[in-house]
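Tertiary structure, described
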Amino acid sequence: MAEKKHKWNVNDLPDLSGRTAVITGANSGLGLAATDALARAGAHVVLAVRDTERGRAAAAKVPGSTEVCRLDLADLSSVREFADGWDRPLDLLINNAGVMMLPERRTADGFEMQFGTNHLGHFALTNLLLPHVTDRVVTVSSGLHRGGDGVIHFDDVNLRGTYTPTRAYAQSKLANLLFVLELQRRLTEAGSRVRALAAHPGYAATNLQSHHANPLARLGMGLGNRLFAQDDRAGTLPTLYAATQDLPGASYVGPDGLGEMRGAPTLVGRSRAASDPAAARRLWTLSEEMTGVEWPLGARAL
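The structure presented is a predicted model; accordingly, all values stated were derived computationally and were not measured. (Residues numbered from 1 in each chain as written. Predicted model: local features only at pLDDT ≥ 70, side-chain atom pairs only at ≥ 80, totals over all residues. Heavy atoms only, no water.)

**Things to note about the packing of aromatic side chains**
- Considering all chains together, one arrives at six aromatic pairs under this definition.
- Summarising the aromatic geometry, the rings of tryptophan 8 and tyrosine 241 are spaced 5.1 Å apart at their centres and angled 85° between planes, so their arrangement reads as edge-to-face. Separated by 233 residues along the polypeptide, tryptophan 8 in the segment before β1 (20-24) and tyrosine 241 in helix α8 (residues 237-244) bring together distant segments of the chain.
- Judged by relative accessible area, which is 12%, tryptophan 8 ranks as buried.
- The class for tyrosine 241 is buried, based on a relative accessible area of 18%.
- Ring centres 5.8 Å apart and planes at 20° place the aromatic pair phenylalanine 179 and tryptophan 284 in the stacked group. (Phe/Tyr/Trp six-rings, centres within 6.5 Å; stacked < 30°, edge-to-face > 60°. Helix = DSSP H or I, 4+ residues; strand = E, 2+ residues; numbered from the N terminus. Buried < 20%, exposed > 50% of the residue type's maximum accessible area, 1.4 Å probe, protein only.)

Here is the structure:
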């Protein structure tokens, strides 16, 4: 009988002693599961969270070295405050936090909430912290980047008058992948050893699904969570794999099961729109204009 192939799991994490990681949205769900795993492997993990009281309660459950810092990705002044307070090397930045399929809302800066939080907040945070980053940036996207209209609405990314929860979420997750693509191009051009990677959890049961704008959709997602979804510890494996394994820059990691819904982490594909370098550059320029945060590593990449 053929020997069963080993499936990568949390026990395969390397020793991370002496390394520092920042995880956004680390007080629950996938972020907390990643925090727990990295801290158990020896890393010092900074929980970057909007609610520090909840963050401290979460950190108290994690064995190992942690600290809690306030970060509201829906408010660029909070993003700048967090980055201005960072004064040490940062091995790993995990852009994990996100909101999903909300009723139409705006960030403190007037951006559509899902695009503003999931993409623009992380875009600004990454660029402001990048001079400190020594190893890699991992951004959590979603298989739903293929959904919605499958494009970035460059004429109006805030979707005024055309908003639907699904369209906005899909656009924000597509933006995550285009951001990683252009970030890696710029890092390579700058001669940096830092790598940018993306991951998605498959179908993981988290509290994100409980905020859907449609009550019937919330009910359906809740049922799906109980019957079909993998738990948050399994859902965070692609992120952990991207964060610690020797992978090429701009790699995208997801589950290896049917439809990438569940399973062990592996390299996965992305939509044609998510692989478009021209769209990635255009999105970067637009994101700089919207946030006022520019590429920090030397001259502007062409």
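There is more to say after this.
**Focus on the pairing of strand β7 (residues 252-255)**
- Two strands pair when backbone bridges link them, and strand β6 (residues 195-199) and β7 are joined in this way by two bridges, in the parallel orientation. The residue of β7 that forms the bridge with alanine 199 is valine 253.
- Pairing between β7 and strand β8 (residues 265-267): three bridges, direction antiparallel. Paired with proline 255 across the bridge in β8 is proline 265. (Pairing = 2+ DSSP bridges.)

**Let's talk about helix α3 (residues 76-84)**
- All buried positions along α3 are accounted for by Leu76, Ser78, Val79, Phe82 and Ala83. Each buried residue of α3 sits inside an arc of 155° when the element is viewed along its axis, so together they form one side. Relative to its buried face, α3 has exposed residues pointing more than 90 degrees away, namely Glu81 and Asp84.
- Structurally, α3 contributes buried residues whose contacts are with β1, β2 (44-49), β3 (65-70), α4 (113-129) and α9 (277-291). (Arc of directions from axis to C-beta. Contact = heavy atoms within 4.5 Å.)

**Topic: the confidence of the model for the chain**
- Residues of the chain with pLDDT of at least 70 account for 89%, and the chain-wide mean is 92.
- Of the regions scoring below 50 in pLDDT, residues 216-225 engages in 18 contacts with residues more than four places distant in sequence or in other chains. (pLDDT = per-residue confidence, 0-100.)

**Side note on empty space enclosed by the protein**
- Overall, the coordinates contain one cavity of 30 Å³ or more when judged by the stated rule.
- Put simply, the largest cavity is a space of about 40 Å³.
- Around the largest cavity, the lining residues are His145, Gly147, Gly148, Asp149, Gly150, Val151, His153, Arg167, Ala170, Gln171 and Leu174.
- Residues belonging to the lining of the largest cavity are distributed by class as follows: three nonpolar, six polar and two charged. (1 Å grid on protein atoms, 1.4 Å probe; cavity = no way out; pocket = protein on both sides within 12 Å on 5 of 7 lines; lining within 4 Å. Points joined across faces, edges and corners; volume = space filled by probe spheres on them. Nonpolar A, V, L, I, M, F, W, Y, C, P; charged D, E, K, R; others polar.)

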